[in-house]
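Inside the fold
The lines below spell out each chain.
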Amino acid sequence: MSAMKYYIWTSGCQMNVADSRRVASALEQLNYRPTARAEDADVVVLNTCVVRRSAEESAKGRIGSLRGVKEKNPDMVINVMGCLVGVNGHEELAKEYPYVDVFSPPSDPGPLVAYLTQDKTKEYQREATSRRFAFMDGDLALPAGDQSRLVSAFVPVVLGCSHACTYCIIPYRRGVERSRPLGGVLNEVRSLVSQGVKEVTFLGQIVDRYGLDLPQKTHLTNLLHKAHSIQGLERIRFLTSHPNWFDRDLMEAVAALPKVMPHIEVPNQSGDDEILKAMRRGYTADEYRSLIGEIRDRIPEVSIATDLIVGFPGETKEQFRNTYRLMKELRLDVTHIARYSVRPQTVASRKMVDDVDPEEKWRRFRLLESLQEEISSEINAEYQGERVEVLFEGWDRKGRWRGRTPNYKLVFVDAERNLRGKTLPVSISWAGPWSMQGRLISDQHRTSTPAAG
Ligand code: SF4
């Protein structure tokens, strides 16, 4: 009898990518095998995102597209998981999508495992159910498709968020902040390294708050130091930081630990104090400016990425200009820009009017985007002719090898042989705003101790 097949569709953030990998791992432990088309699968998992209205609409569109497939194949099991489901029940969704078999909260393969093993013996179920939280204690068997292919892995360390930014739906869908036990995280890193992974990225909505809620309180710096001593692990990254929690200890750890990459993701969201107050971000534009200054003083080779929202309720042209001016002044490496969209349950949806015209939101988005393109082009142009250390992760569609520098710059190289998982010196021959092209300087594989850039 041929193996049962599964298909996973993932949208959204790195956390969802990591969660889908856990679901794939759990399904493969139940002897399911991956397939490339939903129509050919026995189990279909849709891992959803609702951080923007457009993401929610695409998730609902994807669920809707399966109604006909299910009618043709009634035995197919459909599992909808992630932030569309959330942690506070799914009665409404179940009414809207009666043909969906299982609804799972974010980061939890449990309901699907329990559903797929329900006709098995109680013992098997108990054993399978206990396995569902295997990732909590860290022994993550990579899905077949990732084994000896996955070079860089996301490792969630803080689930949920207890901050209450007025525009953000995440606390309502992923629940309050809870850190994974330190031992479980380190086990997972060791398990990933033993399966060929060279780089891990520790994930959290506010990753800097890792461990503060644990019975035995710990700190992200402690996790970084402990992970740093794991043999075979070459690079460590973490995201996403928050200006109020990215402290001096973390700066010191990034500066002192060679395996911890000098790239910081710290969202600003706005450059105007009134808007930051209405967003309940908890800092001012000046405080953000001085934080960036301090990070650059302490980690001179650092690269910094941020997030910005344009068109927040009430944002005037002058307030938007404050954001524009601040980004022009700070010259950060990367800015992820989003147009404000109303999210259900949030304070902003209940107390503020979405009064910035959609065309005006686009105008502000395009202005910031072209400013950032200019800044990134100028910053990356400085790499021209420079030598950088690149950890190669895989191929791109043009058959070129793709990898990242310590500063998270995307680099492409032409090479005949397998560079996967190798850290090699590259001379940059071309640099654009979003990526670079280079030539291998030598094919002697290097480990950790990154050179500049
Ligand atoms: S810090 Fe704010 S924006 Fe980030 S996940 Fe938490 S509530 Fe959302």
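Description of the structure in this document. (Residues numbered from 1 in each chain as written. Predicted model: local features only at pLDDT ≥ 70, side-chain atom pairs only at ≥ 80, totals over all residues. Heavy atoms only, no water.)

Details of the sheet that holds strand β6 (residues 152–156)
One open sheet holds the three strands; their spatial order is β6-β9-β10, and the pairing between them is parallel. The sheet is open, and its two borders are formed by β6 and β10 (235–239), each paired with just one other strand. The average undirected angle you get between the axes of adjacent strands in this sheet is 25 degrees. In terms of strand pairing, strand β9 (residues 199–203) meets β10 through five bridges, oriented parallel. Bridge pairing in β10 places Glu199 opposite Arg235. On the sheet, helix α1 (residues 14–29) packs against β6, β9 and β10 and is oriented at approximately 95 degrees with respect to β6. (Pairing = 2+ DSSP bridges. Helix = DSSP H or I, 4+ residues; strand = E, 2+ residues; numbered from the N terminus. Axes fitted to C-alpha atoms, helices over the stretch in contact; angles between N-to-C directions. Contact = heavy atoms within 4.5 Å.)

Some details on the packing of aromatic side chains
Aromatic rings in a pair are described by how distant their centres are and how their planes are angled relative to each other. Tallied over the full model, the rule gives eight aromatic pairs. On the basis of an interplanar angle of 90 degrees and a centroid distance of 6.2 Å, the ring pair of Tyr97 and Tyr99 is categorised as edge-to-face. By the ring-pair criterion, three or more aromatic residues cluster together here, those being Tyr167, Phe312 and Tyr340. Above the face of the Trp362 ring, Arg339 is positioned so that its terminal group lies 3.7 Å from the ring centre. Across from the ring centre of Phe412, 4.0 Å away, lies the NZ or CZ of Arg400, which sits over that ring. (Phe/Tyr/Trp six-rings, centres within 6.5 Å; stacked < 30°, edge-to-face > 60°. Lys NZ or Arg CZ within 6 Å of the ring centre and 35° of its normal.)

What to know about the pattern of salt bridges
Inspection of the entire model under this criterion finds 27 salt bridges. For Glu318, the salt bridge is made with Arg325, and the minimal N-O distance between the two is 2.5 Å. With relative accessibility at 41%, the residue Arg325 sits in the partly exposed group. Salt-bridge contacts for Arg331 lead to Glu378; the nearest nitrogen and oxygen are separated by 3.0 Å. Here Arg331 is found in the loop between α14 (317–330) and β13 (334–339), whereas its partner Glu378 is found in helix α16 (residues 358–381), with 47 residues between them in sequence. (Salt bridge = Lys/Arg side-chain N within 4 Å of Asp/Glu carboxyl O. Buried < 20%, exposed > 50% of the residue type's maximum accessible area, 1.4 Å probe, protein only.)

A few points about the sheet that holds strand β17 (residues 423–431)
The strand order around the closed barrel built from five strands is β14-β15-β16-β18-β17, with neighbouring strands paired in mixed fashion. For this sheet the average axis-to-axis angle between neighbouring strands, irrespective of direction, equals 50 degrees.

So, the site of the ligand
Around the ligand, the surrounding shell consists of Cys161, His163, Cys165, Tyr167, Cys168, Ile170, Pro171, Gln205, Ile206 and Arg281. Residue composition of the shell around the ligand, grouped by class: seven nonpolar, two polar and one charged. (Near = heavy atom within 4 Å. Nonpolar A, V, L, I, M, F, W, Y, C, P; charged D, E, K, R; others polar.)

Re the environment of Arg343
Its place among the elements puts Arg343 in the loop between β13 and α15 (347–351). By relative accessible area, which is 3% here, Arg343 ends up buried. Here the alpha-carbon distance between Arg343 and Val87, two residues 256 residues apart in the chain, equals 16 Å. Excluding its chain neighbours within four sequence positions, the residues that come into contact with Arg343 are Val50, Val51, Arg52, Arg53, Glu56, Tyr167, Ile169 and Ser349. At 2.8 Å, the side chain of Arg343 forms a polar contact with the side chain of Glu56. (Polar contact = N/O pair within 3.5 Å; in protein donor to acceptor, adjacent residues only side chain to side chain.)

A look at the environment of Pro74
Here Pro74 lies in the loop between α3 (67–72) and β4 (77–82). Overall, the relative accessible area of 56% leaves Pro74 in the exposed class. For the pair Pro74 and Ala348, spaced 274 residues apart in sequence, the C-alpha separation works out to 41 Å.

Any functional reading would require information that these geometric values do not contain.
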